[in-house]
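Chain by chain, the residues:
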Amino acid sequence: MAFEFDADAMFKSCALYLSKGLLLVRVHGIWPDGRCTCGRKEHAVGRSGERNCGKHPVGDDWASRVATTEDDIVEWLEDGIPFNVGCLLGPRGGVIDSEDDDEAARRYRKSIGMDLLETPTWLSGKSTHQLTLWDDRLSGCKGTANPGGLEVRIGAGNTSIQSVLPPSWHRSGVQYQWKPGFSLNDIEIARTPRSLLVALSNGAGSESSRPDEKPASSMLFGEIPDGHRHRAILRWSWFKIVNQLNPLNKTNQDITMREILLLNEQNCKPKADENHVRKIVSDCYDHYRKKKESGWVPSQADAESDAAEKEIDRIESSPEGSSKPAPGSGLELYGLKKITVGKIEAYEPGEWRIEMIHSDPPEIILCVPAWEATPCRGRIHMSFDTFRSAPKTAAAVFNATRTYILDGDAGKWQRTWKGQDASKATDHQSIPGLMELLMQKKREEDDIAVGTSSLRYAQLAGYVLQVFKKATQPRDEEKPEPNESGRPCWVTPDELWFQWGRVWEDIGRSHDVQAGERNRVRAKLLEAMGQRDFSHKRHRFQSGRLEFVVFTRDWVSALESLSAGEELDWTVKGGVDGGSTKTKNHSPSTVHDGEVVVA
Ligand SMILES: [Zn+2]
């Protein structure tokens with residue numbers, strides 16, 4: 001029944017959100033007859049204030065009375081009045097919410113690549129919300145902003161703003177619900193993508209994120225001042241590349257690289273560091289190659305400015321931040337973060353991280369986004385013994401990248417990797433080494449269980465198939481309906497309806513599934529099918545509408561291939577697939593024709 005308050009489900013959800021660090025807000029609920037619990041007459045379904053119904057927080061001072069513990073939630077439940085739950089946004093809440101409620105906003109979200117972002121995502125009424133992490137670069141913004149029609153609830157500028165979360169009731173009679181596989185329980189809250197940060201901090205309210213920008217070619221005709229160099233070089237590089245018939249040809253690459261380096265010397269004041277320019281150009285080639293590998297066929301339309309600018313934004317906001325302007329040089333250029341302790345310069349991991357493979361013997365993979373254009377694609381495998389030694393790690397990096405020498409100054413690298421004891425120069429503090437910091441930073445879901453590669457996925461896909469084998473047939477053939485429980489049902493002979501989260505819940509009862517694994521299986525299936533998302537359909541039950549994933553026989557076949565361990569060309573982030581332990585980093589098969597050699 002619509003608007004039925006389920007105290008137990010509400011408590012469980014709140015407890016989960018609190019465990020993820022959200023600050024929760026008690027929001028007015030909706031009585032079963034459609035009235036807002038605030039008691040205002042017009043706040044009721046079908047009346048003038050309907051829009052506010054079940055959407056505004058309880059009490060004027062709500063922002064200073066957020067819930068931070070389960071006890072606070074127990075207190076909320078004591079008076080027996082239904083409520084909805086929201087989370088505080090902004091610097092205090094630590095998150096922001098981007099909501100699309102029309103086609104334009106959805107198009108804009110897509111144009112900045114946010115539709116592919118893996119971050120908690122929920123549905124309310126007609127719109128989709130994505131939760132991402134607060135970023136201090138948003139401090140100068142206001143409470144909300146509308147780039148390209150996307151309603152971004154930022155909560156900056158001393159405003160108090162909250163967003164209503166599942167399982168709250170929406171006035172339309174449906175509950176807010178997590179997109180299957182994208183709940184706070186399934187995935188971590190992602191960082192706010194750079195493309196959105198840029199749009200927000202530019203205060204861009206129009207459809208184009210940079211209406212004032214001159215054509216990319218303006219780099220040829222005038223001085224590019226500091227602060228505009230990075231983007232000018234990036235734009236011109238991409239235009240050069242998409243305007244060539246065969247840009248990945250080695251000679252063409254050398255020529256383009258040379259031209260852009262000369263242009264940098266000629267027109268950038270002051271000129272950008274040569275390595276930095278090479279990095280930008282190679283990011284563009286990398287992007288081009290990845291697009292081609294995913295089946296894109298370049299055409300004249302791609303060279304036109306609209307299409308090109310979109311790709312430029314994508315390169316600039318690529319999830320690894322690989323084309324971020326690298327400040328300074330040396331170790332910072334590789335994505336490490338320079339800090340100063342006393343009189344000593346030291347480094348923190350910055351963009352570096354490690355993954356661990358629990359095999360026998362265990363292995364460590366050092367992941368460095370800045371080295372993605374090298375033969376190892378930014379992933380350096382090493383033994384524990386190597387990882388524990390500064391010179392051995394430097395040797396492994398050189399062997400794998402064939403380019404980067406970390407121990408040119410052996411003493412400095414030793415101190416950077418292993419740390420330094422407290423001394424007068426360090427203000428009597430000891431400085432931890434990168435080795436230790438990387439270990440601390442490592443997230444458990446980055447660990448890869450033994451034989452993760454195709455074997456583990458075969459196993460996981462097998463679990464899903466086991467659940468599918470128990471799929472029911474509709475009870476009423478005249479009026480076929482999916483299962484309200486979310487368990488699989490062949491609603492038509494070619495349509496298997498189920499809820500992804502429900503399937504994994506069932507699997508979790510008899511098998512150990514690591515955090516993130518179900519999303520990797522999802523990503524593999526999507527890749528195998530060449531799709532960006534599962535196909536979803538909704539069904540209205542008496543209790544309200546529910547969303548289902550719908551698989552045709554083709555999807556089930558893809559799942560069967562996966563469970564049979566068939567080799568598809570899978571490249572899932574964080575996986576170690578596509579390279580058996582024998583090939584590792586040094587396999588010539590991972591070197592592409594179009595590789596740019598970064599000096
Ligand atoms: Zn109200």
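Scroll up for the structure.
Definitions and cut-offs
Residues numbered from 1 in each chain as written. Predicted model: local features only at pLDDT ≥ 70, side-chain atom pairs only at ≥ 80, totals over all residues. Heavy atoms only, no water. Donors = N, O, S within 2.8 Å, 3.2 Å for Na, K, Ca; no water. Tetrahedral: all angles 85-135°; square planar, octahedral: opposite > 155°, others 65-115°. Helix = DSSP H or I, 4+ residues; strand = E, 2+ residues; numbered from the N terminus. Buried < 20%, exposed > 50% of the residue type's maximum accessible area, 1.4 Å probe, protein only. Pairing = 2+ DSSP bridges. Axes fitted to C-alpha atoms, helices over the stretch in contact; angles between N-to-C directions. 1 Å grid on protein atoms, 1.4 Å probe; cavity = no way out; pocket = protein on both sides within 12 Å on 5 of 7 lines; lining within 4 Å. Points joined across faces, edges and corners; volume = space filled by probe spheres on them. Nonpolar A, V, L, I, M, F, W, Y, C, P; charged D, E, K, R; others polar. Parallel < 35°, antiparallel > 145°, perpendicular 65-115°, else oblique. Contact = heavy atoms within 4.5 Å. Left-handed = near helix turned anticlockwise from the far one by under 90°. Core = buried A, V, L, I, M, F, W, Y, C linked by side-chain atoms within 4.5 Å.

The next subject is the coordination of the zinc ion. Binding of the zinc ion to the protein goes through Cys36 (SG), Cys38 (SG), His43 (ND1) and His56 (NE2), at separations of 2.0 to 2.3 Å. Classification of the site at the zinc ion as tetrahedral follows from its four donor atoms and the range of 99 to 134 degrees in their angles at the metal. In the primary sequence, the donor residues of the zinc ion line up as C-x1-C-x4-H-x12-H. With Cys38 in the loop between β1 (24–28) and α2 (70–78) and His56 in the loop between β1 and α2, this pair connects stretches of sequence that are 18 residues apart. A residue is classified by how much of its surface remains accessible, and His56, at 18% relative accessible area, is buried.

In this section: the sheet that holds strand β21 (residues 489–492). Taken together, the four strands give an open sheet; going across it, the order is β21-β22-β24-β23, and neighbouring strands pair in antiparallel fashion. The two strands at the open ends of the sheet, each matched to only one other strand, are β21 and β23 (536–541). Strand-to-strand twist in this sheet, taken as the mean axis angle between neighbours without regard to direction, amounts to 45 degrees. With three bridges connecting them, β21 and strand β22 (residues 495–498) associate as antiparallel partners. Counted as the bridge partner of Thr492 is Glu495 from β22.

On to empty space enclosed by the protein. Applying the stated criterion to the full structure yields three cavities of 30 Å³ or more. Of the pockets and cavities examined, the second largest cavity occupies roughly 50 Å³. Together, Leu123, Ser124, Gly125, Val174, Gln175, Gln177, Arg538 and Arg545 line the second largest cavity. For the lining of the second largest cavity, a count of residues per class yields two nonpolar, four polar and two charged.

Let us look at the packing of helix α11 (residues 390–401) against helix α12 (residues 410–418). Remark: α11 packs on α12, axes separated minimally by 9 Å, with the N-to-C direction vectors making an angle of 100 degrees. What the angle tells us is that α11 and α12 run roughly perpendicular. Of α12, the residues touching α11 (which contributes Ala390, Pro391, Thr393 and Ala394) are Trp413, Gln414, Trp417 and Lys418. Of the residues that constitute the contact of α11 with α12, the class distribution is five nonpolar, two polar and one charged.

The next subject is the packing of helix α7 (residues 250–267) against helix α8 (residues 274–293). Interaxial distance between α7 and α8 falls to 10 Å at its minimum, and their mutual angle equals 135 degrees. One way to sum up the angle between α7 and α8 is to call them oblique. The element α7 and its partner α8 pack so that their crossing is right-handed. Contact with α7, carried on its side by Asn252, Gln253, Thr256, Met257, Ile260, Leu261 and Asn264, involves Glu274, Val277, Arg278, Val281 and Tyr285 of α8 and no other residues of that element. Of the residues that constitute the contact of α7 with α8, the class distribution is six nonpolar, four polar and two charged.

Here we take up the nonpolar core. Most often, soluble globular proteins keep nonpolar side chains buried together rather than apart. Judged by nonpolar contacts, the single largest core of 30 residues is most densely connected at Tyr17, Leu22, Leu24, Val85, Cys87, Leu131 and Leu165. Taken together, the elements giving at least two residues each to this core come down to α1 (7–19), β1, α2, β2 (83–88) and β8 (162–165). Setting aside residues no more than four positions away along its own chain, Leu22 makes contact with Tyr17, Ala67, Cys87, Val95, Leu131, Leu165, Leu184 and Ile189.

Omega for the bond connecting Pro166 with Pro167 falls within 30 degrees of zero, at 0 degrees, which places this linkage in the cis form. Following Lys269, the chain continues into Pro270 via a peptide bond in cis, with omega recorded as -5 degrees. Considering the arrangement of structural elements, one finds Pro270 in the loop between β12 (268–269) and α8. Phi is positive for Arg402, which is not a glycine, with a value near 55 degrees. For Arg402, the location among the structural elements is in the loop between α11 and α12.

This brings us to the pairing of strand β14 (residues 344–348). When strand β13 (residues 337–341) meets β14, the two strands line up antiparallel, connected through five bridges. Among the inter-strand pairings, Lys337 is bridged to a residue of β14, identified as Glu348. Hairpin geometry of β13 and β14 is characterised by an intervening segment of two residues between the two adjacent antiparallel strands and by a positive phi of about 60 degrees at Gly342.

On to the sheet that holds β8. With respect to topology, three strands assemble into an open sheet ordered β1-β2-β8, the strand pairing being antiparallel. Each edge of the open sheet is held by one strand with a lone partner, namely β1 and β8. Recorded for the sheet is a direction-independent mean angle of 40 degrees between the axes of neighbouring strands. In this sheet, β2 lies alongside β1 in antiparallel orientation, the contact comprising five bridges. Bridging from a neighbouring strand, Leu24 pairs with Cys87 of β2. Where α1 meets the sheet, it contacts β1, β2 and β8, and its direction lies at approximately 5 degrees from that of β2. Docked against the sheet, α2 engages β1 and β2, running at close to 10 degrees with respect to β1.

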